[in-house]
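Notes for the structure review
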Amino acid sequence: MSLQSGLDAFQQGRYQEAVYLLEEFSQTSLELSSPDYLTAQMWLMKAYQKIGDIEQAKILWQKLINSDNPQMREWAEQDRPFFTSANQPSFEKAGRAISTGVSLAMGGVGGNLALASGVTIALLFGMVFVLGLSLILIYNSSDPMTGLAIAIAITLIFNTAAFFLSPWLMDLSQSWLYHTRWVDLAEIESQSPETGKIIRQVCQQKNITIPRLGIIDDQNPTAFTYGSLPNSARLVVSQGLFTYLDDDEIATVYAHELGHIVHWDFAVMTVASTLVQICYLIYSTARRFSRGGGDNKLKDGLQIASLVAYIFYVIGTYLLLYLSRTREYFADHFAAETTGNPNGLSRALVKIAYGIIEEGSRSQEPSRLIEGTRALGIYDHKAAASTGTAYRIASDPQKIGRVFLWDMFNPWGWWMELNSTHPLTGKRVRALSTYAEQLGLPIEFDMGRVIGEGKTLNKNKLYGNFFVDIVLYGAETIGFVLGLILGISSFSTSNNPAFLVGMPLMGLGVGILIKAFVMFPDYSHAAPTDILTLMSDPYASPLRGKPAMLQGELIGRGDAGYQFGSDLKLQDSSGMLYLRYASRFGPIGNFLFGMKRVQSLIGEPVRTAGWFRRRVMPWMDLIKLESENGTVVNSYHRFWSFVLGGGSIILGIVLMVFLSGN
């Protein structure tokens, strides 16, 4: 795809074609600072204006106005009046506090930071102490305990060294992976004047050194902090933060990251993670020693110690995740107090989600930056789909607020959050809204309305489906166990071994089929809908598929960094959704589909049918896809469930008949 063909289409007034050609050229460009790439971006911005896609044009303009190329900045400057005019769509801001530094009550949100840190580390210390003591009492020989002591000492030394060396090691990895460039405060201030003021204010008040400031030239908006001590901290953001966020919103993001530095989050998380590692080390050591010969009592004791150590390791992991989520709440609180602008941070979180969705729609591969900094960043990109989609079609806080219903009221949201380093977006926005109320500010996201609507939801449906689904997730195991129990019972009365073999297989098959019918219900009456409507469903489940039909354009693959991935990204007028493909030939069929057919489908307008599901990140299991040129793709998610379930039942019956006959 040549640049000239796109320019010719623009000059001849074929603006929609120009958009397609220039987008294709931009996506395949290897050098993002080359004159041809920048020229394509300039005229793509103009083409967006011509077809009326002002939001996309504005995003490109913000990218060009912040370019390192002075000619690009000068060219973009000519369009400033157009993009800053009052007629452009914008997010209506509710306002901010006149003064900053006002103490805000958290009202139980996020818990107590000092208590969470202290209790987590104390519990982890206690786990390590009890496990170590039990091993000493159980195993009287000095050699294995000496080995364990050395292993723990090495772990402590390594983690201590890593703690103090981590800033420089991270600098190297950041430079290698993302080409981070280090800048002075003046450059940050030139792009966001309020941010410069906030950085100076916080560092002066908290008596800490201004962090080392970095920018990654990537349009996916993100921000993260790392280091060992407050005076050796690094605060890195992507260029996309300046593209998608306004000045006051950028300042709140920086304030959030400064909150992590002020609260010594690096040190606390390092100590806590070290203790979790030691729990695992004790578990693996006890398990290894329990395999040898010798005293049976000794082996039994070591096996018990190994089991207890593993339980402590799992508990410690969840404590660590809880501590991480608590620290996000407190960093949000710090930002609200420091800037007096909790609405600005709420808006920033939504716009970051929007930016991630927008950049994802332009790229055929998921962002390496967003994937690689998921735990470090201010926002979990997997939660971006619903919030970003809502903001994408309308800067309407009420519509955006509806997608928070799932975060706040669906029990699956709570369940999924247990395994996340970040709180769900709806919960963060709700907490920030309470700070706005304390400051006497109007609230942009009317969380009171969301809470009110949430209270009208059918609780029996929410929680009844949840508990049933939890059971159904283990339907195969439950069916096998029940079949085994029936088999043992039948064998005890008949002495026929056929029951011991056949009934567990039949139970397994029945469990598979029951789960399949719930996961993949009848789709013959699937209704046409859009992505935002699906994401706004507070009853959505990761197990119960909701039949739906969507119409949009395939914009890329859904597999991060996998050139032959079979999953797809669908974009309609309301947002973006991942489509999961399943071949009837299993993984080999998926690979062949990804290798031979996916690339030819990208860019095609399509109609799809499938089962919508939702975890933190929503997706659809594809049933059928039809392109406008007549290409038909069938997906077979139910196929293997029915084959395995039915096959297991038939095999069980055959074995029972065969063994009974003998």
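Now for a look at the structure at hand. Predicted, not measured: the structure shown is a model, and the values here were computed from it.

So, the overall build of the protein
Looking only at helices and strands, one finds 29 helices and 11 strands in the protein. Counting across all 662 residues of the protein, residues that qualify as buried make up 53%. Sequence separation of at least 24 residues holds for 72% of the intrachain contacts in the protein that already meet a minimum separation of 6. When the accessible surface of the protein is split by element, carbon and sulfur atoms take 60% of a total near 29,600 Å².

Re a nonpolar patch on the surface
Taken together, the side chains of Val471, Ile478, Phe480, Val481, Leu482, Leu484, Ile485, Ile488, Leu500, Val501, Phe658 and Leu659 make up a nonpolar region of the molecular surface, amounting to roughly 970 Å² of accessible area. Listing elements by their share of the nonpolar patch, those giving two or more residues are α24 (475–494), α25 (498–519) and α29 (637–661). Positionally, Ile478 belongs in helix α24. Residue classification places Ile478 among the partly exposed residues on the basis of a relative accessible area of 38%.

Some words on the environment of Phe404
Mapped onto the elements, Phe404 comes out in helix α19 (residues 404–409). In sequence terms Phe404 and Arg430 are 26 residues apart; their C-alpha atoms lie 9.3 Å from each other. When sequence neighbours within four positions are dropped, the list of residues in contact with Phe404 reads Val350, Thr387, Thr425, Gly426, Val429, Phe445 and Met447.

Here's the deal with the sheet that holds strand β2 (residues 212–216)
What the 4 strands build is an open sheet, ordered β1-β2-β4-β3; its pairing is mixed. Bordering the open sheet on either side are β1 (181–183) and β3 (223–226), each of which pairs with just one other strand. Each strand axis lies, on average, 30° off the axis of its neighbour in the sheet, ignoring direction. Lying over the sheet, helix α12 (residues 247–262) contacts β2, β3 and β4 (234–238), oriented at roughly 20° with respect to β3.

Observations concerning helix α22 (residues 447–455)
Those residues of α22 not exposed but buried are Met447, Val450, Ile451 and Gly454. Across the axial projection of α22, the buried residues extend over an arc of 100°, all falling on one side. Exposed side of α22, more than 90 degrees from the buried face: Gly448 and Lys455 are the residues found there.

Topic: the environment of Tyr48
Within the secondary structure, Tyr48 sits in helix α3 (residues 35–51). With residues near it in sequence (within four places) discarded, Tyr48 still touches Val19, Glu23, Asp53, Gln56, Ala57 and Leu60. A polar contact of 2.3 Å, which involves the side chain of Tyr48, links it to the side chain of Glu23.

Re the pairing of β4
Most of β4 is tucked away: 5 of the 5 residues are buried. Of the two faces of β4, the one carrying Arg234, Val236 and Ser238 and the one carrying Leu235 and Val237 are both buried. Here 5 bridges tie β2 to β4, and the two strands are oriented parallel to one another. Each bridged residue has a counterpart across the sheet, and for Ile215 the counterpart in β4 is Val237. Bridging between β3 and β4 involves 4 bridges; their strand directions are antiparallel. Opposite Ala223, over in β4, you have Val237 as the bridge partner.

Things to note about the packing of α24 against α25
At their nearest, the axes of α24 and α25 sit 7 Å apart, and the two run at 155° to each other. Looking at the two axes, α24 sits roughly antiparallel to α25. For the element pair α24 and α25, the recorded crossing hand is right-handed. Contact with α24, carried on its side by Ala475, Glu476, Gly479, Phe480, Gly483, Leu484, Leu486, Gly487, Ile488, Ser490, Phe491 and Ser494, involves Phe499, Leu500, Met503, Pro504, Gly507, Leu508, Gly511, Ile512 and Lys515 of α25 and no other residues of that element. When grouped by side-chain class, the residues that make up the contact of α24 with α25 number 12 nonpolar, 7 polar and 2 charged.

So, the pattern of salt bridges
Summed over the entire model, instances satisfying the criterion amount to 16 salt bridges. A salt bridge links Asp265 to Arg327; its shortest N-O distance comes to 2.1 Å. Of the two residues, Asp265 sits in helix α13 (residues 265–290) while Arg327 sits in helix α14 (residues 296–339), which places them 62 residues apart along the sequence. Across the pair, exposure class does not vary: Asp265 and Arg327 are buried alike. Across the pair Asp332 and Arg428 runs a salt bridge whose closest N-O atoms are separated by 2.9 Å. Here Asp332, found in helix α14, pairs with Arg428, found in helix α21 (residues 425–438); they are 96 residues apart in sequence, far enough to count as distant. Assigned by exposure class, Asp332 and Arg428 land together as buried. Three or more residues joined by partner-sharing salt bridges are found here, namely Asp246, Asp248, Glu249, Arg347 and Lys351.

Basis of the calculations
- Residues numbered from 1 in each chain as written.
- Predicted model: local features only at pLDDT ≥ 70, side-chain atom pairs only at ≥ 80, totals over all residues.
- Heavy atoms only, no water.
- Helix = DSSP H or I, 4+ residues; strand = E, 2+ residues; numbered from the N terminus.
- Buried < 20%, exposed > 50% of the residue type's maximum accessible area, 1.4 Å probe, protein only.
- Contact = heavy atoms within 4.5 Å.
- Areas by Shrake-Rupley, 256 points an atom, 1.4 Å probe, with all protein chains shown as cover.
- Patch = residues over 30% accessible without salt bridge, like charges linked within 9 Å, V, L, I, M, F, W, Y side chains within 5 Å.
- Salt bridge = Lys/Arg side-chain N within 4 Å of Asp/Glu carboxyl O.
- Pairing = 2+ DSSP bridges.
- Axes fitted to C-alpha atoms, helices over the stretch in contact; angles between N-to-C directions.
- Arc of directions from axis to C-beta.
- Polar contact = N/O pair within 3.5 Å; in protein donor to acceptor, adjacent residues only side chain to side chain.
- Parallel < 35°, antiparallel > 145°, perpendicular 65-115°, else oblique.
- Left-handed = near helix turned anticlockwise from the far one by under 90°.
- Nonpolar A, V, L, I, M, F, W, Y, C, P; charged D, E, K, R; others polar.

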